Amino acid sequence: LQPYFKSRLDSLYEHYTSASTEDGFENPDTLANSLRNSQSLTSLDNLKLWFIRIWPYFHAFYEGIQFIYQLRYLFEFSPFFSPFLQIIRQTVRRLNMHDMMAESKPQQKPSQHFLIRILSALADYAKWAIIIGIFAYKFYEWWQQRSSSAASSTATRSVIPPPPLPLPPTKTMVSSPTKQCHICNRPHVL
């Protein structure tokens, strides 16, 4: 029930603060100030005002306590994962192959016992294998991206093109020496 009530209160706070921004208030404090300055302040408005002011502090306190409990559980300083599990005295434990074997103790052949021990060892080290596998995969992606970016940078590097081929000489015929040059208008000298 606790996560349900927490999510409902979160959505209620979001509803009140989004309504305040739609009404032209930039933050919840301006909404609270306008409600306080209003002449017709009802008990519902007082409750909204109180909720808008208190909820961010309560939310920060709640998340901080949850974080502290999870850190304590992670480093095995506490058997409780959350404060609500501590209230009802319920511990969360991981059930491994040894616990299951101790629970059910049937008569097993030596080959089955050996197989169960191997499967238990694989299950214990599977989380490390997954983490190492993900790290290796990400490293491989990074390596391929680096080599492909180096190849693409050499492909996109500007290569100086060879100089253009010289144009073949055009044949201009000078008909007579007395003619003038068409470019500079001087007489041709032969």
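Keep in mind that this is a model prediction, so the values were computed, not measured. (Residues numbered from 1 in each chain as written. Predicted model: local features only at pLDDT ≥ 70, side-chain atom pairs only at ≥ 80, totals over all residues. Heavy atoms only, no water.)

K.L.:
What am I meant to see in the overall build of the chain here?
P.N.:
Tallying secondary structure elements over the chain gives 6 helices and 0 strands in all. In the chain, the order of α-helices and β-strands from amino to carboxyl end is α-α-α-α-α-α. Taking all 190 residues of the chain together, 13% fall into the buried category. Considering only residue pairs separated by 6 or more positions, the chain has 29% of its internal contacts joining residues 24 or more positions apart. (Helix = DSSP H or I, 4+ residues; strand = E, 2+ residues; numbered from the N terminus. Buried < 20%, exposed > 50% of the residue type's maximum accessible area, 1.4 Å probe, protein only. Contact = heavy atoms within 4.5 Å.)

K.L.:
For this particular structure, what's the right way to read the pattern of salt bridges?
P.N.:
Pairing between side chains of opposite charge can happen when the charged atoms of each approach one another. In the structure shown here, the tally under the stated rule is 3 salt bridges. Residue aspartate 10 is joined to lysine 6 by a salt bridge in which the shortest nitrogen-to-oxygen separation is 3.0 Å. Placement of the pair is aspartate 10 and lysine 6 together in helix α1 (residues 2–22), with a separation of 4 residues, close to one helical turn. According to the relative accessible area criterion, aspartate 10 is partly exposed, its value standing at 24%. The closest approach of N and O atoms between glutamate 63 and lysine 6, which form a salt bridge, is 3.8 Å. A residue pair is termed long-range when its members are at least 10 positions apart, and glutamate 63 in helix α3 (residues 43–74) and lysine 6 in helix α1 qualify at 57 residues. Residue class for glutamate 63 comes out partly exposed when judged on its relative accessible area of 39%. The network of salt bridges with common partners includes Lys6, Asp10 and Glu63. (Salt bridge = Lys/Arg side-chain N within 4 Å of Asp/Glu carboxyl O.)

K.L.:
What is the right way to look at α3 in this model?
P.N.:
Along an α-helix, a turn takes 3.6 residues, which lines up residues three or four apart on a common side. The terminal C-alpha atoms of α3, which comprises 32 residues, lie 45 Å apart, in line with the 46 Å expected from a rise of 1.5 Å per residue. Of all the bends found along α3, the most pronounced is centred on isoleucine 54 and spans about 40 degrees, while proline 56, a proline, follows it within four residues. All buried positions along α3 are accounted for by Asp45, Leu49, Phe51, Ile52, Trp55, Tyr62, Gln66 and Tyr69. At the C-terminal side of α3, glutamate 76 shows a positive phi close to 60 degrees. (Expected span 1.5 Å × (residues − 1). Bend = angle between axes of the 7 residues up to and from the residue.)

K.L.:
Whenever I open this one, the layout of surface pockets confuses me. Can you help?
P.N.:
The probe, sized like a water molecule, is rolled over the atoms to show the empty space still left. For the largest pocket, the calculated volume is near 260 Å³. Taken together, Tyr73, Leu74, Glu76, Ser78, Pro79, Thr91, Val92, Arg93, Arg94 and Lys127 form the lining of the largest pocket. Of the residues assigned to the lining of the largest pocket, the class counts are 4 nonpolar, 2 polar and 4 charged. (1 Å grid on protein atoms, 1.4 Å probe; cavity = no way out; pocket = protein on both sides within 12 Å on 5 of 7 lines; lining within 4 Å. Points joined across faces, edges and corners; volume = space filled by probe spheres on them. Nonpolar A, V, L, I, M, F, W, Y, C, P; charged D, E, K, R; others polar.)

K.L.:
It is not clear to me how the nonpolar core should be interpreted in this structure. Could you clarify?
P.N.:
Within soluble globular proteins, side chains that are nonpolar generally end up buried alongside one another. Tyr13, Tyr16, Phe51, Ile52 and Trp55 form the largest nonpolar core, which has 5 residues in total. Of all the secondary-structure elements, those providing two or more residues to this core are α1 and α3. Element by element, the count of residues in this core is highest for α3, at 3 residues. (Core = buried A, V, L, I, M, F, W, Y, C linked by side-chain atoms within 4.5 Å.)

K.L.:
Before we go on, may I ask you to explain a nonpolar patch on the surface in this structure?
P.N.:
A surface patch of nonpolar side chains, amounting to about 670 Å² of accessible area, comprises Phe67, Ile68, Leu71, Leu74, Phe75 and Phe77. Looking at the secondary structure, you find leucine 71 in helix α3. (Patch = residues over 30% accessible without salt bridge, like charges linked within 9 Å, V, L, I, M, F, W, Y side chains within 5 Å. Areas by Shrake-Rupley, 256 points an atom, 1.4 Å probe, with all protein chains shown as cover.)

K.L.:
I tried to follow the packing of aromatic side chains on my own but got confused; where do I start?
P.N.:
If you walk through the whole model with that rule in mind, you get 11 aromatic pairs. With a centroid separation of 6.3 Å and 40 degrees between ring planes, the pair formed by tyrosine 62 and phenylalanine 84 is classed as tilted. Note that tyrosine 62 is positioned in helix α3 and phenylalanine 84 in helix α4 (residues 83–87), a separation of 22 residues in sequence. Exposure remark for tyrosine 62: the relative accessible area of 13% places this residue in the buried category. Given a relative accessible area of 34%, phenylalanine 84 falls into the partly exposed group. Pairing phenylalanine 139 with tryptophan 143 gives two aromatic rings, centres 6.0 Å apart and planes at 35 degrees, and the pair type is tilted. On the criterion of helical spacing, the pair formed by phenylalanine 139 and tryptophan 143 is a turn pair, its members being 4 residues apart in helix α6 (residues 110–156). Relative accessible area serves as the criterion here: at 40%, tryptophan 143 is assigned to the partly exposed category. Among the aromatic residues, those joined into a ring-pair cluster are Tyr13, Tyr16, Phe51, Trp55, Phe58, Tyr62 and Phe84. (Phe/Tyr/Trp six-rings, centres within 6.5 Å; stacked < 30°, edge-to-face > 60°.)

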